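Each chain is listed here by its residues.
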Amino acid sequence: SVETTNREIMEFQEKIETDIGSFLDIPSLPDSYKPRATEQLDITLQRAEEALNAKFLVNAGIQGSTYLDLREKAAKEIGKKFNMVAIGGIVPLMESYEFRKLVDIIITVKKNIPSDRIVHGFGLGHPMIFSLAISLGCDVFDSAAYALFAQDDRYMTENSTKKLSELEYLPCSCPVCMKYGIGLKELKNEERVKKLAEHNLYVSFEELNRVKQAIKENRLWEFISMRSR
(Lines give C-alpha, C1' and ligand atoms only; values in the text may rest on other atoms or scores of the structure.)
Protein backbone atom coordinates (compact mmCIF):
# COMPACT_ATOMS: atom_id res chain seq x y z
CA SER A 1 0.00 0.00 0.00
CA VAL A 2 3.07 2.26 0.09
CA GLU A 3 3.57 4.16 -3.14
CA THR A 4 7.20 5.08 -3.73
CA THR A 5 9.96 4.46 -6.23
CA ASN A 6 13.36 2.88 -6.00
CA ARG A 7 15.02 6.24 -6.67
CA GLU A 8 13.04 7.90 -3.86
CA ILE A 9 14.11 5.18 -1.45
CA MET A 10 17.76 5.60 -2.46
CA GLU A 11 17.59 9.39 -2.01
CA PHE A 12 15.88 9.03 1.37
CA GLN A 13 18.63 6.73 2.64
CA GLU A 14 21.26 9.21 1.50
CA LYS A 15 19.48 12.07 3.28
CA ILE A 16 19.42 10.24 6.61
CA GLU A 17 23.09 9.26 6.09
CA THR A 18 22.53 5.53 6.07
CA ASP A 19 25.70 3.47 6.59
CA ILE A 20 24.37 0.33 4.91
CA GLY A 21 21.32 0.61 2.68
CA SER A 22 19.36 -1.31 0.07
CA PHE A 23 17.57 -0.77 -3.18
CA LEU A 24 14.03 -2.09 -3.65
CA ASP A 25 14.63 -5.66 -4.71
CA ILE A 26 11.57 -7.87 -5.26
CA PRO A 27 11.47 -11.16 -3.33
CA SER A 28 9.79 -14.00 -5.22
CA LEU A 29 7.97 -16.67 -3.25
CA PRO A 30 9.53 -20.15 -3.20
CA ASP A 31 8.61 -22.16 -6.30
CA SER A 32 6.63 -19.26 -7.74
CA TYR A 33 5.69 -19.33 -11.43
CA LYS A 34 9.08 -19.10 -13.14
CA PRO A 35 8.18 -16.46 -15.77
CA ARG A 36 6.91 -14.26 -12.95
CA ALA A 37 10.06 -14.83 -10.89
CA THR A 38 12.15 -13.99 -13.98
CA GLU A 39 10.21 -10.78 -14.53
CA GLN A 40 10.66 -9.77 -10.87
CA LEU A 41 14.39 -10.54 -11.04
CA ASP A 42 14.77 -8.36 -14.15
CA ILE A 43 13.15 -5.46 -12.29
CA THR A 44 15.46 -6.07 -9.32
CA LEU A 45 18.51 -5.95 -11.59
CA GLN A 46 17.28 -2.71 -13.19
CA ARG A 47 16.91 -1.17 -9.74
CA ALA A 48 20.40 -2.34 -8.83
CA GLU A 49 21.73 -0.18 -11.66
CA GLU A 50 20.17 2.88 -9.99
CA ALA A 51 22.14 2.07 -6.82
CA LEU A 52 25.60 1.95 -8.38
CA ASN A 53 26.48 5.52 -7.37
CA ALA A 54 24.92 5.42 -3.90
CA LYS A 55 26.69 7.34 -1.14
CA PHE A 56 26.44 4.39 1.26
CA LEU A 57 27.46 0.73 1.29
CA VAL A 58 24.79 -1.02 -0.77
CA ASN A 59 23.42 -4.28 0.56
CA ALA A 60 22.59 -5.59 -2.91
CA GLY A 61 19.73 -8.08 -3.02
CA ILE A 62 20.08 -11.33 -4.95
CA GLN A 63 16.72 -12.83 -5.84
CA GLY A 64 15.41 -15.61 -8.07
CA SER A 65 13.13 -17.75 -5.89
CA THR A 66 14.21 -21.42 -5.76
CA TYR A 67 15.29 -21.42 -9.42
CA LEU A 68 19.04 -21.90 -9.21
CA ASP A 69 19.65 -20.66 -12.76
CA LEU A 70 17.99 -17.37 -11.82
CA ARG A 71 20.03 -17.18 -8.61
CA GLU A 72 23.17 -17.80 -10.64
CA LYS A 73 22.27 -15.02 -13.08
CA ALA A 74 21.52 -12.60 -10.24
CA ALA A 75 24.70 -13.50 -8.34
CA LYS A 76 26.91 -12.92 -11.38
CA GLU A 77 25.29 -9.56 -12.16
CA ILE A 78 25.19 -8.27 -8.59
CA GLY A 79 28.49 -9.79 -7.49
CA LYS A 80 30.59 -7.98 -10.08
CA LYS A 81 29.10 -4.57 -9.21
CA PHE A 82 28.69 -4.50 -5.42
CA ASN A 83 30.99 -5.31 -2.49
CA MET A 84 28.14 -6.52 -0.27
CA VAL A 85 25.52 -8.93 -1.57
CA ALA A 86 22.36 -10.05 0.17
CA ILE A 87 20.64 -13.38 -0.36
CA GLY A 88 16.96 -12.46 -0.29
CA GLY A 89 13.62 -14.23 -0.44
CA ILE A 90 14.69 -16.98 1.97
CA VAL A 91 12.47 -16.35 5.01
CA PRO A 92 9.60 -18.56 3.70
CA LEU A 93 12.08 -21.43 3.27
CA MET A 94 13.16 -21.14 6.90
CA GLU A 95 9.59 -20.83 8.12
CA SER A 96 8.71 -24.09 6.34
CA TYR A 97 11.99 -25.80 7.39
CA GLU A 98 13.08 -26.32 3.77
CA PHE A 99 16.74 -26.13 4.70
CA ARG A 100 17.88 -28.24 1.71
CA LYS A 101 16.62 -25.56 -0.68
CA LEU A 102 18.15 -22.84 1.49
CA VAL A 103 21.53 -24.58 1.31
CA ASP A 104 21.30 -24.94 -2.48
CA ILE A 105 20.53 -21.23 -2.88
CA ILE A 106 23.38 -20.06 -0.65
CA ILE A 107 25.87 -22.38 -2.36
CA THR A 108 24.74 -21.22 -5.81
CA VAL A 109 25.22 -17.58 -4.86
CA LYS A 110 28.64 -18.21 -3.28
CA LYS A 111 29.88 -20.08 -6.35
CA ASN A 112 28.99 -17.19 -8.64
CA ILE A 113 30.35 -14.14 -6.81
CA PRO A 114 33.94 -12.99 -6.20
CA SER A 115 35.36 -14.58 -3.07
CA ASP A 116 35.95 -11.25 -1.32
CA ARG A 117 32.30 -10.16 -1.29
CA ILE A 118 30.51 -9.70 2.04
CA VAL A 119 27.49 -12.02 2.09
CA HIS A 120 24.36 -11.02 3.99
CA GLY A 121 21.48 -13.38 4.79
CA PHE A 122 18.26 -11.36 4.56
CA GLY A 123 15.94 -12.26 7.44
CA LEU A 124 18.17 -15.05 8.67
CA GLY A 125 17.25 -14.65 12.31
CA HIS A 126 16.86 -17.94 14.16
CA PRO A 127 19.84 -19.23 16.16
CA MET A 128 19.24 -22.80 14.99
CA ILE A 129 20.39 -21.91 11.47
CA PHE A 130 23.34 -19.60 12.26
CA SER A 131 26.08 -22.25 12.23
CA LEU A 132 24.90 -23.77 8.94
CA ALA A 133 24.62 -20.39 7.24
CA ILE A 134 28.06 -19.30 8.49
CA SER A 135 29.65 -22.53 7.29
CA LEU A 136 28.20 -21.89 3.83
CA GLY A 137 29.73 -18.42 3.73
CA CYS A 138 27.24 -15.94 5.18
CA ASP A 139 29.01 -13.13 7.04
CA VAL A 140 26.14 -10.91 8.21
CA PHE A 141 22.51 -11.48 9.23
CA ASP A 142 19.59 -9.24 9.98
CA SER A 143 16.16 -10.10 11.22
CA ALA A 144 13.19 -8.91 13.22
CA ALA A 145 12.55 -12.52 14.25
CA TYR A 146 13.50 -11.89 17.89
CA ALA A 147 10.70 -9.29 18.13
CA LEU A 148 8.16 -10.94 15.81
CA PHE A 149 8.47 -14.21 17.70
CA ALA A 150 8.00 -12.37 20.99
CA GLN A 151 4.78 -10.77 19.73
CA ASP A 152 3.48 -14.31 19.20
CA ASP A 153 4.70 -15.44 22.67
CA ARG A 154 7.37 -17.63 21.08
CA TYR A 155 10.48 -18.33 23.13
CA MET A 156 13.70 -19.01 21.21
CA THR A 157 16.30 -21.55 22.19
CA GLU A 158 19.48 -22.33 20.28
CA ASN A 159 17.84 -25.26 18.49
CA SER A 160 14.08 -24.78 18.64
CA THR A 161 11.16 -22.46 19.34
CA LYS A 162 8.77 -22.96 22.23
CA LYS A 163 5.38 -21.42 22.98
CA LEU A 164 5.77 -19.63 26.29
CA SER A 165 2.43 -21.05 27.46
CA GLU A 166 3.76 -24.62 27.09
CA LEU A 167 6.82 -24.09 29.30
CA GLU A 168 6.97 -24.89 33.00
CA TYR A 169 10.68 -24.07 33.32
CA LEU A 170 12.80 -21.65 31.33
CA PRO A 171 15.90 -23.44 29.95
CA CYS A 172 18.04 -20.31 29.98
CA SER A 173 20.13 -18.23 32.36
CA CYS A 174 20.05 -14.88 30.56
CA PRO A 175 19.25 -11.82 32.76
CA VAL A 176 15.59 -11.86 31.70
CA CYS A 177 15.06 -15.54 32.55
CA MET A 178 16.99 -15.27 35.80
CA LYS A 179 14.97 -12.27 36.93
CA TYR A 180 11.48 -13.45 35.98
CA GLY A 181 11.70 -17.21 35.64
CA ILE A 182 8.40 -18.76 34.61
CA GLY A 183 6.79 -15.60 36.00
CA LEU A 184 7.54 -14.17 32.56
CA LYS A 185 4.16 -15.63 31.59
CA GLU A 186 2.37 -13.41 34.06
CA LEU A 187 3.69 -10.07 32.83
CA LYS A 188 1.24 -7.74 31.12
CA ASN A 189 1.21 -8.09 27.36
CA GLU A 190 3.43 -5.15 26.34
CA GLU A 191 6.01 -5.82 29.05
CA ARG A 192 5.99 -9.58 28.35
CA VAL A 193 6.63 -9.01 24.63
CA LYS A 194 9.49 -6.62 25.41
CA LYS A 195 11.18 -8.98 27.87
CA LEU A 196 10.64 -12.01 25.65
CA ALA A 197 12.24 -10.12 22.75
CA GLU A 198 15.22 -9.35 24.99
CA HIS A 199 15.56 -13.04 25.84
CA ASN A 200 15.42 -13.95 22.14
CA LEU A 201 18.22 -11.47 21.44
CA TYR A 202 20.37 -12.89 24.24
CA VAL A 203 19.94 -16.40 22.81
CA SER A 204 20.86 -15.15 19.33
CA PHE A 205 24.06 -13.43 20.47
CA GLU A 206 24.99 -16.42 22.62
CA GLU A 207 24.72 -18.76 19.64
CA LEU A 208 26.82 -16.44 17.47
CA ASN A 209 29.53 -16.51 20.12
CA ARG A 210 29.38 -20.32 20.24
CA VAL A 211 29.89 -20.44 16.48
CA LYS A 212 32.78 -17.96 16.62
CA GLN A 213 34.47 -20.02 19.33
CA ALA A 214 33.95 -23.22 17.31
CA ILE A 215 35.67 -21.51 14.36
CA LYS A 216 38.60 -20.48 16.58
CA GLU A 217 38.91 -24.08 17.83
CA ASN A 218 38.66 -25.45 14.27
CA ARG A 219 35.60 -27.56 15.14
CA LEU A 220 32.86 -25.80 13.19
CA TRP A 221 31.99 -28.99 11.29
CA GLU A 222 31.50 -30.86 14.55
CA PHE A 223 29.29 -28.02 15.83
CA ILE A 224 27.17 -28.02 12.63
CA SER A 225 26.74 -31.79 12.83
CA MET A 226 25.38 -31.43 16.35
CA ARG A 227 22.99 -28.65 15.37
CA SER A 228 21.85 -30.41 12.21
CA ARG A 229 20.98 -33.57 14.10
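Details of the structure are given in the entry above.
Structure report, in brief. (Residues numbered from 1 in each chain as written. Predicted model: local features only at pLDDT ≥ 70, side-chain atom pairs only at ≥ 80, totals over all residues. Heavy atoms only, no water.)

Let us now look at a nonpolar patch on the surface. A cluster of nonpolar side chains, namely Ile 20, Leu 57, Ile 118 and Val 140, defines an oily patch on the protein surface of about 280 Å² accessible area. With respect to the secondary-structure elements, Ile 20 resides in strand S1 (residues 20-21). (Patch = residues over 30% accessible without salt bridge, like charges linked within 9 Å, V, L, I, M, F, W, Y side chains within 5 Å. Areas by Shrake-Rupley, 256 points an atom, 1.4 Å probe, with all protein chains shown as cover. Salt bridge = Lys/Arg side-chain N within 4 Å of Asp/Glu carboxyl O. Helix = DSSP H or I, 4+ residues; strand = E, 2+ residues; numbered from the N terminus.)

Two numbers describe how helix H3 (residues 68-79) lies on helix H5 (residues 99-111): the axes approach to 8 Å, and their chain directions differ by 35°. As for the relative orientation of H3 and H5, their crossing is right-handed in sense. Within the contact between the two elements, H3 uses Leu 68, Arg 71, Glu 72 and Ala 75 and H5 uses Asp 104, Ile 105, Thr 108 and Val 109. The residue inventory of the contact of H3 with H5, partitioned by class, reads 4 nonpolar, 1 polar and 3 charged. (Axes fitted to C-alpha atoms, helices over the stretch in contact; angles between N-to-C directions. Left-handed = near helix turned anticlockwise from the far one by under 90°. Contact = heavy atoms within 4.5 Å. Nonpolar A, V, L, I, M, F, W, Y, C, P; charged D, E, K, R; others polar.)

The next point concerns the pairing of strand S2 (residues 57-62). Counting buried residues in S2 gives 5 out of 6 residues, a clear majority hidden from the surface. With 2 bridges joining them, S1 and S2 adopt parallel strand pairing. Across the sheet, Gly 21 pairs through a bridge with Val 58, a residue of S2. Pairing between S2 and strand S3 (residues 84-87): 4 bridges, direction parallel. Within the sheet, the bridge partner assigned to Ile 62 lies in S3 and is Ile 87. Handedness of the S2-H3-S3 crossover: right-handed. (Buried < 20%, exposed > 50% of the residue type's maximum accessible area, 1.4 Å probe, protein only. Pairing = 2+ DSSP bridges. Right-handed = clockwise from strand over helix to strand, strands pointing away.)

Moving on, we get to the sheet that holds S3. Pairing within the open sheet is parallel, and its 5 strands lie in the order S1-S2-S3-S4-S5. Strands at the two margins of the open sheet, each flanked by one partner only, are S1 and strand S5 (140-142).

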